[in-house]
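The chain contents come next:
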Amino acid sequence: SQQGEEDPQALSIQEGENATMNCSYKTSINNLQWYRQNSGRGLVHLILIRSNEREKHSGRLRVTLDTSKKSSSLLITASRAADTASYFCATDARDNQGGKLIFGQGTELSVKP
Amino acid sequence: KAGVTQTPRYLIKTRGQQVTLSCSPISGHRSVSWYQQTPGQGLQFLFEYFSETQRNKGNFPGRFSGRQFSNSRSEMNVSTLELGDSALYLCASSLTVVRGEQYFGPGTRLTVT
């Protein structure tokens, strides 16, 4: 399969705790992106990290990228019930002619109030 | 700016029929990508259009086709529907000069009976 792997597949935490999701991929990339999806709706872009970057922050989100291990992690700090959703990593492969993202299988996050 | 819109939102068809889904990108976006999402296969890339040209295509049979109009609106067509075509079909638009994030519509939920 071209798709990357994400773990864990499901994660359940209490409000206020941190949530960490991991993503591994298979090819050389231009960038890696994280998206959120609420209950079978459209995806919302969260953050993009380029292949020459190692870490990026956006609000309560922190993303790391290790191109030597072909892996990334997404950390959500001080989680809220509203963060309950599925989270997907997506890679823009280096040999991509454009517009094609390869998605992981996703992590289902449940944040309990 | 208005977001990506997709019509219809829900659709029920029977095997053997054909279906056309429509996507209007964010104003100014010239790239439109289509994805299929199913519980078993996850999010899979169908094709991408830029300036009315298909730039990239995923591994789907020829029953799946698409096109883009001069105003960047896009349609995808599935002919001879099969039960396995039941899925959420997502459209995304992007500013393609610099490869970056994609903006997704709410999706069309297609059920084939």
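Structure's up top.
Numbers given for residues are sequential positions, taken from 1 along each chain in its written order. Each chain gets a letter, beginning with A, and each ligand a number, beginning with 1, in the order they are written. Only residues with pLDDT of 70 or above have their local features reported here, since the model is predicted, and side-chain atom pairs are shown and tallied only from 80 upward, although totals for entire chains, interfaces and linings are computed over all residues. Each side-chain value is worked out from all heavy atoms of the structure, with water and hydrogens disregarded.

## Quick word on the overall build of chain A
Line of reasoning, step 1. The helix count covers DSSP runs of H or I at least four residues long, the strand count covers runs of E at least two residues long, and both are numbered beginning at the N terminus. Within chain A, the secondary structure is distributed over zero helices and eleven strands.
Line of reasoning, step 2. Seen in sequence order, chain A has helices and strands lined up from the N terminus as β-β-β-β-β-β-β-β-β-β-β.
Line of reasoning, step 3. Between the two quantities, the radius of gyration covers C-alpha atoms and the globule rule is 2.2 Å times the number of residues to the power 0.38. The globule rule puts the C-alpha radius of gyration for 113 residues at 13 Å, and the 13 Å found for chain A is close to it.
Line of reasoning, step 4. Taking the principal axes of its C-alpha atoms as reference, chain A extends roughly 45 × 30 × 20 Å.

## A word on the sheet that holds strand β7 (residues 61-66) of chain A
Two modes of strand pairing occur in sheets, parallel and antiparallel, and in both the strands are linked by backbone hydrogen bonds.
All names here are of chain A.
Line of reasoning, step 1. For two strands to pair, DSSP has to find at least two bridges joining them. The sheet built from five strands is open, its strands ordered β1-β3-β8-β7-β6 with antiparallel pairing. Pairing within the sheet leaves two strands with one partner each, and these edge strands are β1 (5-7) and β6 (55-58). Neighbouring strand axes in the sheet, compared pairwise and without regard to direction, differ in orientation by 15° on average. Lines are fitted to the C-alpha atoms to define the axes, a helix being fitted only along its stretch in contact, and any angle between axes, read from their N-to-C directions, falls within 0 to 180 degrees.

## Here's the deal with the pairing of strand β3 (residues 19-24) of chain A
Regular strands place side chains that alternate from one sheet face to the opposite one.
Residues and elements named next belong to chain A.
Line of reasoning, step 1. Relative accessibility thresholds used throughout: buried, under 20% of the residue-type maximum; exposed, over 50%; partly exposed, between the two (1.4 Å probe, protein chains only). Here β3 shows one buried face, formed by Ala-19, Met-21 and Cys-23, and one open face, formed by Thr-20, Asn-22 and Ser-24.
Line of reasoning, step 2. When β1 meets β3, the two strands line up antiparallel, connected through three bridges. Of the residues in β3, the one forming a bridge with Glu-5 is Ser-24.

## A look at the pattern of salt bridges
Line of reasoning, step 1. The salt bridge definition used is simple: a Lys or Arg side-chain nitrogen within 4 Å of an Asp or Glu carboxyl oxygen. Scanning the entire structure with this criterion turns up eight salt bridges over all chains.
Line of reasoning, step 2. Between A:Asp83 and A:Arg60 there is a salt bridge, and its shortest N-O distance comes to 2.9 Å. Within this pair, whereas A:Asp83 is found in the loop between β8 (71-76) and β9 (85-93), its partner A:Arg60 is found in the loop between β6 and β7, the two being separated by 23 residues in sequence.
Line of reasoning, step 3. Across the pair B:Glu48 and B:Arg55 runs a salt bridge whose closest N-O atoms are separated by 2.7 Å.
Line of reasoning, step 4. What you see here is one network of salt bridges that share partners, running through B:Arg63, B:Glu82 and B:Asp85.

## Regarding the environment of A:Leu101
Line of reasoning, step 1. Position of A:Leu101 among the secondary structure elements: in the loop between β9 and β10 (102-103).
Line of reasoning, step 2. The contact partners of A:Leu101, leaving out residues within four places of it in the chain, are A:Gln33, A:Tyr35, A:Ala90, A:Thr91, A:Asp92, B:Tyr35, B:Phe45 and B:Gln102. Here, two residues are considered to be in contact whenever any of their heavy atoms come within 4.5 Å of each other.

## What about the interface of chain A and chain B?
For interface size, the figure often reported is the accessible area lost on association.
Line of reasoning, step 1. Facing the 25 residues of chain A at the interface are 23 residues of chain B.
Line of reasoning, step 2. Put simply, chain A and chain B have zero salt bridges between them.
Line of reasoning, step 3. When residues of the side of chain A that touches chain B are assigned to their parent elements, the largest contribution, five residues, is made by strand β4 (residues 29-37) of chain A.
Line of reasoning, step 4. Polar here means any residue outside two lists: the nonpolar Ala, Val, Leu, Ile, Met, Phe, Trp, Tyr, Cys and Pro, and the charged Asp, Glu, Lys and Arg; Gly therefore counts as polar. Across the side of chain A that touches chain B, the residue classes tally to seven nonpolar, 14 polar and four charged.

## Regarding the pairing of strand β5 (residues 43-50) of chain A
Residue and element names in this part refer to chain A.
Line of reasoning, step 1. Bridging between β4 and β5 involves seven bridges; their strand directions are antiparallel. By the bridge assignment for β5, Gln-37 is matched with Leu-43.
Line of reasoning, step 2. Connecting β4 to the next strand, β5, in antiparallel fashion are five residues, including Ser-39 with a positive phi near 45°.

## A short note on the state of the cysteines
Residue and element names in this part refer to chain A.
Line of reasoning, step 1. Criterion for a disulfide: a pair of cysteine sulfur atoms within 2.5 Å. Per the stated rule, a full pass over the model turns up two disulfides over all chains.
Line of reasoning, step 2. Here Cys-23 is linked by a disulfide to Cys-89, with a sulfur-sulfur distance of 2.0 Å. A torsion of 70° about the S-S bond marks the disulfide between Cys-23 and Cys-89 as right-handed. Taken together, the residues span a long stretch of sequence, with Cys-23 in strand β3 and Cys-89 in strand β9 at a distance of 66 residues. The same class applies to Cys-23 as to Cys-89, namely buried.

## Quick look at the packing of aromatic side chains
The geometry of an aromatic ring pair is captured by two quantities: the separation of the ring centres and the angle between the planes.
Line of reasoning, step 1. Any Phe, Tyr or Trp ring, taking Trp's six-membered ring, that has another such ring centre within 6.5 Å forms a pair; planes under 30 degrees apart are called stacked, those over 60 apart edge-to-face, and the others tilted. Considering all chains together, one arrives at nine aromatic pairs over all chains under this definition.
Line of reasoning, step 2. With 5.5 Å between their ring centres and 80° between their planes, A:Tyr35 and B:Phe104 make a pair best called edge-to-face. Remark: B:Phe104 occurs in strand β10 (residues 103-104) and A:Tyr35 occurs in strand β4; the pair is interchain, linking two chains. Here A:Tyr35 and B:Phe104 have matching classes, each one buried.
Line of reasoning, step 3. Where A:Phe88 meets A:Phe103, the ring centres are 6.4 Å apart and the plane angle is 80°; that geometry is what we call edge-to-face. Taken together, the positions of A:Phe88 in strand β9 and A:Phe103 in strand β10 put the pair 15 residues apart, joining distant regions of the chain.

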